[in-house]
Amino acid sequence: MLPVLYSFRRCPYAMRARLALDAGRATYELREVSLRNKPVSMLKASPKGSVPVLVLPDGRVIDESWDIMLWSLHRHDPEGWLGESNVYAEAAGPMIIENDTTFKRNLDRYKYPDRYPDHTQTHYRKQGEAFLQDLEGRLRAMPYLLGDTQSIADAGIFPFVRQFAGVDKIWFELSPYVALRQWLNDMSNSERFAAVMKKYPPWQPNDAPIIQESKPSRP
C-alpha cells in the first residue's frame with residue numbers, strides 16, 4: 001500500500017507538498033480533487049475539507065502542507081533541503097509563518113480586491129511587497145533563500161510568490177525585484193515543477209490509481 005495524497009493542482013499549499021514529496025523521492029497515489037465536489041474519503045480522513053491531505057498506509061493523516069513537507073524530507077532528504085542538523089528547516093520556520101499569515105492575507109486581498117473593498121488593489125499589493133522586499137534582499141546575496149542550494153524554504157514559499165506575480169504580470173516584470181524574478185523564473189521552469197504540475201481529471205472512487213514517482217536526478 002502507498003500513501004494517498006488528496007491534492008488540487010493550482011493550490012499553493014498542495015504545490016509545496018508535492019514538491020517536497022518529489023524531492024524526498026516519495027512514491028504515492030495522487031488523487032486530484034474538485035473543490036466543488038470533494039471526495040467523501042477525503043472528508044472522512046480530514047473533516048476540515050482543505051487540501052493537501054496525505055493518508056499514510058497505517059491510517060495516519062497529515063493534513064497540513066508544511067507537515068507533509070517535513071514528513072517527506074525526514075524520511076529521505078537526498079538533496080539536503082532540511083540542511084545539516086535541520087538548520088534550513090529551523091531557519092525557514094519564521095519565513096513560512098510570515099508567508100502563511102501576513103503575506104497570504106495580503107495576497108488574497110490583492111488577487112480578489114472586489115471581495116475586500118476597504119482598500120484598493122494597489123494598497124494590498126504594497127502591503128504584500130514588504131515580504132517581497134525581504135526575499136529580494138536575501139536573493140541579492142545568494143542564489144536561494146537560505147544559501148547556495150535550494151532548500152525547504154524555497155519550495156515552501158515559491159508557490160505563493162508565483163501566485164502574487166501572476167496577478168499583474170506586467171507590473172511584476174517592471175518591478176524592482178530583479179533577483180526575485182530570476183529565482184521565480186528558475187523555480188517555475190524546473191523539471192521538478194513541471195513534473196508536479198501535470199494535469200489530471202478529478203479523482204473518482206473507481207479510477208485506476210495515479211502513481212507518482214520521483215526521478216533521482218530531477219533538479
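Read on for a plain summary of the structure. In this text, all values refer to a predicted model and were calculated from it rather than measured experimentally. (Residues numbered from 1 in each chain as written. Predicted model: local features only at pLDDT ≥ 70, side-chain atom pairs only at ≥ 80, totals over all residues. Heavy atoms only, no water.)

**A short note on the nonpolar core**
Point 1. In this structure, Ile-152, Ile-157, Leu-180 and Trp-183 are the most contacted members of the largest nonpolar core, which totals 44 residues.
Point 2. Considering each element in turn, this core owes the most residues, nine residues, to helix H6 (residues 152–167).
Point 3. With near-sequence residues (within four places) excluded, Ile-152 lies in contact with Trp-66, Met-69, Leu-70, Leu-73, Trp-81, Leu-82, Tyr-88, Ala-89 and Ala-92. (Core = buried A, V, L, I, M, F, W, Y, C linked by side-chain atoms within 4.5 Å. Buried < 20%, exposed > 50% of the residue type's maximum accessible area, 1.4 Å probe, protein only. Helix = DSSP H or I, 4+ residues; strand = E, 2+ residues; numbered from the N terminus. Contact = heavy atoms within 4.5 Å.)

**Quick look at empty space enclosed by the protein**
Point 1. Counted by the stated rule, this structure contains one cavity of 30 Å³ or more.
Point 2. Here the largest cavity is characterised by a volume of approximately 40 Å³.
Point 3. Ser-7, Arg-9, Arg-18, Leu-30, Glu-32, Val-196, Lys-198 and Tyr-200 together form the lining of the largest cavity.
Point 4. Here the lining of the largest cavity is composed, by residue class, of three nonpolar, one polar and four charged. (1 Å grid on protein atoms, 1.4 Å probe; cavity = no way out; pocket = protein on both sides within 12 Å on 5 of 7 lines; lining within 4 Å. Points joined across faces, edges and corners; volume = space filled by probe spheres on them. Nonpolar A, V, L, I, M, F, W, Y, C, P; charged D, E, K, R; others polar.)

**Observations regarding the sheet that holds strand S4 (residues 61–62)**
Point 1. One open sheet accounts for five strands, arranged S4-S3-S1-S2-S5; its pairing is mixed. Looking at the sheet topology across the chains shown, the edges are occupied by S4 and strand S5 (210–212).
Point 2. Of the strand pairs in this sheet, strand S3 (residues 53–55) and S4 are connected by two bridges, and their pairing is antiparallel. Looking at S4, one finds that Leu-54 is bridged to Ile-62.
Point 3. Seen against the sheet, helix H1 (residues 12–23) touches strand S1 (4–7) and strand S2 (28–32) and runs at an angle of roughly 150° to S1. (Pairing = 2+ DSSP bridges. Axes fitted to C-alpha atoms, helices over the stretch in contact; angles between N-to-C directions.)

**Quick word on the environment of Val-87**
Point 1. Examined against the element boundaries, Val-87 turns out to sit in helix H4 (residues 87–111).
Point 2. Measuring from C-alpha to C-alpha, the distance between Val-87 and Leu-146 comes to 9.7 Å, with 59 residues separating the pair along the chain.

**What to know about the packing of H1 against helix H3 (residues 65–75)**
When two helices pack together, their arrangement is captured by the angle between the axes and the distance separating the axes.
Point 1. Following both chains from N to C, one finds H1 and H3 inclined at 0°, their axes separated by 8 Å at the closest point. As the angle between them shows, H1 and H3 are arranged roughly parallel. Where H1 abuts H3, its residues Tyr-13, Arg-16, Ala-17, Ala-20, Leu-21 and Ala-23 lie against Ser-65, Trp-66, Ile-68, Met-69, Trp-71, Ser-72 and Leu-73.
Point 2. Split into classes, the residues belonging to the contact of H1 with H3 amount to ten nonpolar, two polar and one charged. (Parallel < 35°, antiparallel > 145°, perpendicular 65-115°, else oblique.)

**Concerning the layout of surface pockets**
Point 1. Taken as a whole, the largest pocket spans an internal volume of roughly 610 Å³.
Point 2. As for the largest pocket, its lining consists of 24 residues, of which Arg-10, Lys-111, Pro-159, Arg-162 and Gln-163 are closest to the centre.
Point 3. Elements supplying a minimum of two residues to the lining of the largest pocket: H1, H4, H6, helix H7 (169–174) and helix H8 (178–188).
Point 4. A total of five residues in the lining of the largest pocket trace back to one element, the largest contributor, which is H6.

**Let's talk about the environment of Asp-134**
Point 1. In this structure, Asp-134 sits in helix H5 (residues 121–141).
Point 2. Along the backbone, Asp-134 and Asn-37 are 97 residues apart, and their C-alpha atoms lie at a distance of 38 Å.

**Focus: the pattern of salt bridges**
Opposite charge on two side chains permits pairing when their charged atoms draw close.
Point 1. All chains considered together, the criterion is met by ten salt bridges.
Point 2. Glu-79 is the partner of Arg-25 in a salt bridge, and the nearest nitrogen-oxygen pair spans 3.0 Å. Note that Arg-25 is positioned in the loop between H1 and S2 and Glu-79 in the loop between H3 and H4, a separation of 54 residues in sequence.
Point 3. Glu-79 sits in the partly exposed class, given a relative accessible area of 29%.
Point 4. The partner of Asp-108 in a salt bridge is Lys-104, and the shortest N-O contact between them spans 2.8 Å. Of this pair, Asp-108 and Lys-104 are both found in helix H4, four residues apart, which corresponds to roughly one turn of the helix.
Point 5. Using a relative accessible area of 14% as the deciding quantity, one classes Lys-104 as buried.
Point 6. One network of salt bridges, in which partners are shared, links Asp-22, Arg-25, Glu-79 and Arg-192. (Salt bridge = Lys/Arg side-chain N within 4 Å of Asp/Glu carboxyl O.)

**Remarks on a positive patch on the surface**
Point 1. Together, Arg-10, Lys-111, Arg-115 and Lys-199 make up a positively charged patch on the protein surface.
Point 2. Structurally, the position occupied by Arg-115 is in the loop between H4 and H5.
Point 3. Classification of Arg-115 by relative accessible area gives exposed; the value is 58%. (Patch = residues over 30% accessible without salt bridge, like charges linked within 9 Å, V, L, I, M, F, W, Y side chains within 5 Å. Areas by Shrake-Rupley, 256 points an atom, 1.4 Å probe, with all protein chains shown as cover. Lys, Arg positive; Asp, Glu negative; His and termini not counted. Charge placed at Lys NZ, Arg CZ, Asp CG, Glu CD.)

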